[in-house]
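So the chains spell out like this:
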Amino acid sequence: MNVIVKGALAAGALLIIAAGLRVGLRENGAVASPTPSAGTEQKRTLTIAAASDLKFALDELLVRFRAKHPGADIQVTYGSSGNFLAQIGNGAPFDVFLSADVAYPRELARQGLVAGEVFLYAVGRIVVWVPSDSPLPVEQRGMEALREPAARRIAIANPQHAPYGRAAEAALKSQGLYDAVKDKLVLGENIAQTAQFVQSGAADAGIIALALALAPAMREQGHAWVVPLDAYPRMEQGGAILKRAKDPALAREFRDHLLGPEGTAVLERYGFSLPKE
């Protein structure tokens, strides 16, 4: 087991003790819970644990998938991939896991918790994002703008359990900026919370997922500079259907929808590259 996976397991276990399974962003602010059948035939259910960078893309993709399965109860929880790794290992009742780092579902497969093969669904990218009224010239200077005095607080996701945090840290180091800005860093629990820090003014700049920067709300409220791919390790995002899935057939249909033409078109629109690219 590599150091990243071990760290994620340890961090996630502490969070479970402190807060149970209520980590992450719930779709529409609701806590996902199984819905009992009202009739003699059991209602189809699907519960997805998804990396926070997927928030807007997956919400859009699920509109189409729900339309194809109008009787199904489909819930999604957004959060840190590393925390989900620990939660699933401790019995969290998810059917599908979509991780921002393929190493996590592969670790679950090693533990015997995955049904079938781990699959790749996207390659993630990071950007430096600032609000529209920011004096930081990120569009002209890129990451170098983070040296400016106006960049008093810089938000990144927690590298201990968030793949986008590790990518941000790696990019800062590869560009020779880490030592200059490390005391300015504020850590989000996941990449969505990191984006919220900058959006709310709690941080002056953030290194966030391109997929979040392209969402309508953030695209209209700020400016982004795309970090070159060679500045950080390739972010292969992967998923898995879990052995405890309540409706394996519905889980497979969701996976096929995600990897099919409709799903990949949505992912590309939100800035994800496809694994074969």
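What you are looking at is a predicted structure, and each value in this text was computed from that prediction instead of being measured.

What counts, and where the lines are drawn
Residues numbered from 1 in each chain as written. Predicted model: local features only at pLDDT ≥ 70, side-chain atom pairs only at ≥ 80, totals over all residues. Heavy atoms only, no water. Core = buried A, V, L, I, M, F, W, Y, C linked by side-chain atoms within 4.5 Å. Buried < 20%, exposed > 50% of the residue type's maximum accessible area, 1.4 Å probe, protein only. Contact = heavy atoms within 4.5 Å. Helix = DSSP H or I, 4+ residues; strand = E, 2+ residues; numbered from the N terminus. Pairing = 2+ DSSP bridges. 1 Å grid on protein atoms, 1.4 Å probe; cavity = no way out; pocket = protein on both sides within 12 Å on 5 of 7 lines; lining within 4 Å. Points joined across faces, edges and corners; volume = space filled by probe spheres on them. Nonpolar A, V, L, I, M, F, W, Y, C, P; charged D, E, K, R; others polar. pLDDT = per-residue confidence, 0-100. Axes fitted to C-alpha atoms, helices over the stretch in contact; angles between N-to-C directions. Parallel < 35°, antiparallel > 145°, perpendicular 65-115°, else oblique. Left-handed = near helix turned anticlockwise from the far one by under 90°.

Participant: So what exactly am I meant to see when it comes to the nonpolar core here?
Facilitator: If you look at soluble globular proteins, the nonpolar side chains tend to sit buried side by side. Ile48, Leu58, Leu98 and Phe254 are the most contacted members of the largest nonpolar core, which totals 71 residues. Ignoring anything within four residues of it in the chain, the contact list for Ile48 reads Leu62, Ile74, Gln75, Val76, Thr77, Phe94, Val96, Leu98 and Phe254. Judged by nonpolar contacts, the second largest core, of 12 residues, contains Phe84, Leu85, Phe97 and Val114.

Participant: Hey, could you run me through the pairing of strand 4 (residues 96–99) in this one?
Facilitator: The alternating pattern of strand 4 places Val96 and Leu98 on one face and Phe97 and Ser99 on the opposite face, and all of these are buried. Pairing geometry for strand 2 (residues 45–51) and strand 4, over three bridges, is parallel. Following the sheet pairing, Ala50 is matched in strand 4 by Leu98. By the bridge criterion, four bridges tie strand 4 to strand 11 (residues 235–242) in an arrangement that is antiparallel. Note that in strand 11 the partner of Phe97 across the bridge is Ala240.

Participant: What exactly am I supposed to notice about empty space enclosed by the protein here?
Facilitator: One water molecule sets the probe size; rolling that probe over the atoms shows where empty space is left. Scanning all chains against the criterion turns up two cavities of 30 Å³ or more. In this structure, the largest cavity spans a volume of roughly 60 Å³. Contributing to the lining of the largest cavity are Ala51, Ser52, Asp53, Gly79, Ser80, Ser81, Ala100, Ala162, Pro163, Tyr164, Asn190 and Ile191. Residues belonging to the lining of the largest cavity are distributed by class as follows: six nonpolar, five polar and one charged.

Participant: Would you mind showing me how to read the confidence of the model for the protein here?
Facilitator: A low pLDDT means the predicted coordinates there should not be read in detail. Taken residue by residue, the protein gives an average pLDDT of 88. The fraction at 70 or more is 85%. In this model, residues 9–40 is a region of pLDDT below 50 whose contacts with residues beyond four sequence positions or in other chains number 50 contacts.

Participant: What's the story with the packing of helix 2 (residues 55–68) against helix 11 (residues 248–259) in this structure? I'm lost.
Facilitator: Packing of helix 2 against helix 11 leaves a shortest axis separation of 11 Å and a crossing angle of 125°. Here helix 2 lies oblique to helix 11, going by the angle between them. Note on packing geometry: the crossing formed by helix 2 with helix 11 is right-handed. Contacts from Leu58, Leu61, Leu62, Arg64, Phe65 and Lys68 in helix 2 reach Leu250, Glu253, Phe254, His257 and Leu258 in helix 11.

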